[in-house]
Amino acid sequence: MSTNNKVLEVKDLKTYFFTDAGVVKAVDGISFDLKFGETLGIVGETGSGKSVTALSILRLIPHPHGRIVAGKIIFDNKDILKLNLKTLQSYRGNRISMIFQDPMTSLNPVYTIGNQIIESLVIHQKLDKKSAVKEALKLLEMVGIAEAKRRLSSYPHEFSGGMRQRVMIAMAIANAPDILIADEPTTALDVTIQAQILELINELKYKTNSSIILITHDLGVVAKYARRVIVMYAGKMVEFSTVDNIYYKPMHPYTMGLMNSITRLDKSKKEKLKPIEGSPPSLIDLPEGCTFKSRCIYGKEKCSRRFPPLIEVEKEHFVACFRVKEIRKEGIKQAVE
Amino acid sequence: MYPEEKVEQERSKVESAKDIDLEGKYTRSSLYKDAWRRLKKNKLAMVGLGIVIMLILIAIFANLIAPYDPIERVKEESSLSPSRLHLFGTDLLGRDIFSRVIYGSRISIVVGVVAVGISVVIGLFLGALAGYFGSASDALIMRIADIFFAFPYILGAIAIMTVLGPGIVNIFIAIGILGWASFARIFRGSILSIKNKEYIEAARALGASNHRIIIRHIFPNAFAPIIVYATMNIGTAIIVEAALSFLGIGVQPPTPAWGKMLSESLDYIDIAPWMMLFPGLAIVITVLGFVLLGDGLRDAFDPRLK
């Protein structure tokens, strides 16, 4: 671990997809760092580039259309983007692992649960079969699957969605990774199970000494588990700060809009939810300037010239908006004028 | 005992059985177990399987089953009609047709299995290359496959045999080389659909190598249609071998081969029909067996019929 406590550093990451219709700038210049033991949330709506960011970290961008065109991902003092395939494979699932969105389709239907957990142990720890079985048993118990021994020889279709996600988690933590990327781990599950799964991930974080990148569109989830949050919009970071800042004093108009559009127990009942008007722009031909401009109530002509840089407005609070000073100073109402 | 209790007891029996076999279970797959269960219910398929097993046994134990030497000529016994002594009669040279049909199964089975085996190996390799790595290799391999599809099967086989000359090894090569294209195409298709499944991405995220992903994760999922097509194709290969032998460029006399026996009998249909009937029947039954089995396998592997 480097002295500055950073497990992972992403610098100006750009991942584009080259389609017949044009270049999709799914991730366009993202920079952030993950601190040791921290849970970092990435929120944004569908298509904002959250998942692509996650996949880029493991270099799992689908060929041949997708490509990481620029940036650095520093892990263990090395740039992941420059690793050879073999080293990369030795990192995947071992030092950095990932939990996928849909547990129903993320397990191979022809192998037993035990077989699949054992695979990740065998690949990285070179365990022999017997100790791998033992280890798999332990892992299944750790993720809270009852009768683990019998369950080892069950097939994925015999499991419910929540149980499959537990299995996925067991596979992800099998090698006690430094970083666990959870890509919308609860989206496909129902609400009661969601809470259990998130609680489990959070618990295991301490057991395995991992840092977590939690990707979600559920602002409630982020509030509970993350320490810092990145808000993404159309492939760019618009705000990056601690959970408290994001929730109680958001400064980017988009984040403010998000906060106004969710129900909150700490707001009075009389306040109505305010949706953000319009819909996100197509990533293929993004407008010049700020991508949020067309939906922004504070927009000025300056905003159409270029995308505002992400600046640190206060400690640990980064905002990408030209009008952040006015918004901050004058309060919301005056700024609208 | 109440029925619920009974069910409960049965279930606990099943579950305890599962407990014991912890190690062995890992290698078995539910897809194939399910398929076998469904296959067993399909009567026609079981008839096919019966025929195929019987044929294999006959081929292996031909020397024990056949009452006479299939090659030895007995002049005095030329063109005898079927009798107790010669079940299927004798041919022009006085050879026992029953024994020849029995021995002929060896050629047919071996040609069917080996030739299709060659097709499968080439097809899987090239299909995997095309499907998994895509782009240039895909385009190239599939265009070559198209060229092979453009050739009529028999014509292609005749052409290759003419170049290589007759003989059983050359039959393997001819039929094997001609058959790979369909396997490659089928396998490529399965791989294309499977490689984008999330569990493949998940395996990659776990650090599995390309090699491992193809062998362990894609193959078992993509293999079912190959088994089906291979089974049916054995029937086709047997017919092609019979046709080649019939045309005189396949298995050479005096080795007993069904196709050759047919062509030898051609001039004597009106006076000695048994010379044609029995080898013909043997071909029909054999091919029918493989096709029925293949058909049953196709249904068994189709999850929609669950």
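As the structure is a computational prediction, the values presented were derived from the model and not from experiment. (Residues numbered from 1 in each chain as written. Chains lettered and ligands numbered in written order. Predicted model: local features only at pLDDT ≥ 70, side-chain atom pairs only at ≥ 80, totals over all residues.)

Digging into the overall build of chain A
Point 1. Secondary structure summary: chain A contains 11 helices and 12 strands in total.
Point 2. Relative to the 2.2 N^0.38 estimate, which gives 20 Å for 337 residues, the radius of gyration of chain A is 21 Å and therefore close to what a compact globule would have.
Point 3. Dimensions along the principal axes, computed over C-alpha positions, put chain A at roughly 70 × 50 × 45 Å.
Point 4. Looking at chain A residue by residue over its 337 residues, the buried ones come to 47%. (Helix = DSSP H or I, 4+ residues; strand = E, 2+ residues; numbered from the N terminus. Rg over C-alpha atoms; globule rule 2.2 N^0.38 Å. Buried ≥ 20, exposed ≤ 12 C-beta atoms within 10 Å, placed from the backbone.)

Quick notes on the overall build of chain B
Point 1. For chain B, the count of helices and strands is 13 helices and zero strands.
Point 2. For chain B, the α and β elements follow one another from N to C terminus as α-α-α-α-α-α-α-α-α-α-α-α-α.
Point 3. For chain B, with 306 residues in total, the buried portion stands at 42%.
Point 4. Across chain B, the fraction of contacts at a sequence separation of at least 24, relative to all contacts at a separation of at least 6, is 71%. (Contact = placed C-beta atoms within 7 Å.)

A look at the sheet that holds strand β8 (residues 211–216) of chain A
All names here are of chain A.
Point 1. Spatially, eight strands are ordered β6-β7-β8-β3-β9-β10-β12-β11 in an open sheet, and the strand pairing comes out mixed. Where the open sheet ends on each side, the last strands, each with one partner, are β6 (96–99) and β11 (311–314). This sheet shows a mean twist of 25° between the axes of neighbouring strands, independent of strand direction.
Point 2. The pairing of strand β3 (residues 39–43) with β8 spans five bridges and is classified as parallel. Its bridge partner lying in β8, Ile42 is registered against Ile215. (Pairing = 2+ DSSP bridges. Axes fitted to C-alpha atoms, helices over the stretch in contact; angles between N-to-C directions.)

Quick look at the sheet that holds strand β5 (residues 78–79) of chain A
All names here are of chain A.
Point 1. In spatial order, the strands read β2-β1-β4-β5; together these four strands make up an open sheet with antiparallel pairing. Each edge of the open sheet carries a strand with a single partner, namely β2 (22–35) and β5.
Point 2. Both strand β4 (residues 66–75) and β5 contribute to a ladder of two bridges, which runs antiparallel. Bridging from a neighbouring strand, Ile74 pairs with Asp79 of β5.

Describing the packing of helix α5 (residues 97–133) of chain B against helix α6 (residues 135–150) of chain B
Residue and element names in this part refer to chain B.
Point 1. Running from amino to carboxyl end, α5 crosses α6 at an angle of 140°, the nearest separation of the two axes being 7 Å. Between α5 and α6, the angle falls in the class oblique. In terms of crossing hand, the pair formed by α5 and α6 is left-handed. Packed against α5, whose contacting residues are Leu126, Leu129, Ala130 and Phe133, the element α6 presents Ser137, Asp138, Ile141 and Met142 at the interface. (Parallel < 35°, antiparallel > 145°, perpendicular 65-115°, else oblique. Left-handed = near helix turned anticlockwise from the far one by under 90°.)

Considerations on the interface of chain A and chain B
Point 1. The partner chain B presents 24 residues to the 32 residues of chain A that form the contact.
Point 2. Secondary-structure elements contributing two or more residues to the side of chain A that touches chain B are α2 (85–91), β6, α3 (113–125) and α5 (148–151) of chain A.
Point 3. By residue number, the principal contributor to the side of chain A that touches chain B is α3 of chain A, which donates six residues.
Point 4. Class assignment for the residues of the side of chain A that touches chain B results in 13 nonpolar, 14 polar and five charged. (Nonpolar A, V, L, I, M, F, W, Y, C, P; charged D, E, K, R; others polar.)

A word on the confidence of the model for chain A
Point 1. With 96% of its residues at a pLDDT of 70 or more, chain A has an overall mean of 85.
Point 2. Of all secondary-structure elements in chain A, the lowest mean pLDDT belongs to helix α11 (residues 324–336) of chain A, at 65, while β3 of chain A reaches the highest, 93. (pLDDT = per-residue confidence, 0-100.)

What to know about the environment of Phe301 of chain B
Residues and elements named next belong to chain B.
Point 1. In this structure, Phe301 sits in helix α13 (residues 274–301).
Point 2. A residue is classified by how many C-beta atoms lie within 10 Å of it, and Phe301, with 19 of them, is partly exposed.
Point 3. Taking the C-alpha atoms as reference, Phe301 lies 51 Å from Val74; in sequence the two are 227 residues apart.
Point 4. Filtering out sequence-adjacent residues up to four positions away, Phe301 remains in contact with Ala35, Ala224 and Val228.

A few points about the confidence of the model for chain B
All names here are of chain B.
Point 1. Looking at chain B as a whole, its pLDDT mean stands at 81, while 88% of the residues score no less than 70.
Point 2. Per-element confidence in chain B is highest for helix α3 (residues 43–60), whose mean pLDDT is 91, and lowest for helix α1 (residues 3–20), whose mean pLDDT is 45.
Point 3. Confidence drops under a pLDDT of 50 for residues 7–28, and excluding neighbours within four residues, the segment shows 13 contacts in the predicted structure.
Point 4. Both scores are given for the predicted complex: the pTM is 0.73, the ipTM 0.77.

Topic: the pairing of β3 of chain A
Residue and element names in this part refer to chain A.
Point 1. In terms of burial, β3 is largely enclosed, as five of its five residues are buried.
Point 2. Judged by which residues are buried, β3 turns out to be covered on both faces: Thr39, Gly41 and Val43 on one side and Leu40 and Ile42 on the other are all buried.
Point 3. As paired strands, β3 and strand β9 (residues 228–233) are joined by four bridges and run parallel to one another. Following the sheet pairing, Leu40 is matched in β9 by Arg228.

Overview of the nonpolar core
Point 1. Judged by nonpolar contacts, the single largest core of 176 residues is most densely connected at Ile117, Ile169, Ala170 and Ile213 of chain A together with Ile175 of chain B.
Point 2. Among the elements that take part in this core, α5 of chain B stands out by supplying 17 residues, more than any other.
Point 3. Each of domain 1 (6–226) and domain 2 (231–336) of chain A accounts for three or more of the residues forming this core.
Point 4. The residues touching Ile169 of chain A, leaving out its near neighbours within four places in the chain, are Ile99, Val143, Leu200, Ile201 and Leu204 of chain A. (Core = buried A, V, L, I, M, F, W, Y, C linked by C-beta atoms within 7 Å. Domains from an automatic or database assignment.)

Overview of the packing of helix α9 (residues 198–205) of chain B against helix α10 (residues 210–222) of chain B
In a packed pair of helices, the relevant descriptors are the angle between the two axes and the axis-to-axis distance.
Residue and element names in this part refer to chain B.
Point 1. One can describe the packing of α9 onto α10 by two numbers: an axis separation of 11 Å at closest approach and a directional angle of 145°. With respect to the hand of their crossing, α9 and α10 are arranged in right-handed fashion. Only Ile213, His217 and Ile218 of α10 make contact with α9, whose side of the interface consists of Tyr199, Ile200, Ala203 and Arg204.
Point 2. Of the residues belonging to the contact of α9 with α10, the class tally is five nonpolar, one polar and one charged.

A short note on helix α12 (residues 258–265) of chain B
Residues and elements named next belong to chain B.
Point 1. For α12, the tally of buried residues reaches seven of eight residues, placing the bulk of the element in the interior.
Point 2. When α12 is considered as a whole, its buried residues turn out to be Trp258, Gly259, Lys260, Met261, Leu262, Glu264 and Ser265.
Point 3. In this structure, the buried side of α12 is in contact with α5, α11 (224–246) and α13.

A look at the domain arrangement of chain A
Residue and element names in this part refer to chain A.
Point 1. Partitioning chain A into domains gives domain 1 (6–226) and domain 2 (231–336).
Point 2. A C-alpha centroid distance of 29 Å is found between domain 1 and domain 2.
Point 3. In this complex, domain 1 contributes 22 residues to the contact, which on the side of domain 2 involves 17 residues.
Point 4. Contributions of two or more residues to the side of domain 1 that touches domain 2 are made by β2, β3 and α8 (219–225).
Point 5. When residues of the side of domain 1 that touches domain 2 are assigned to their parent elements, the largest contribution, nine residues, is made by β2.
Point 6. Across the side of domain 1 that touches domain 2, the residue classes break down as 12 nonpolar, six polar and four charged.

A short note on the pairing of β4 of chain A
Residues and elements named next belong to chain A.
Point 1. As paired strands, strand β1 (residues 6–19) and β4 are joined by eight bridges and run antiparallel to one another. Following the sheet pairing, Leu8 is matched in β4 by Phe75.
Point 2. Linkage of β4 to β5, two consecutive antiparallel strands, is achieved through a turn of two residues, within which Asp76 is found at a positive phi near 60°.

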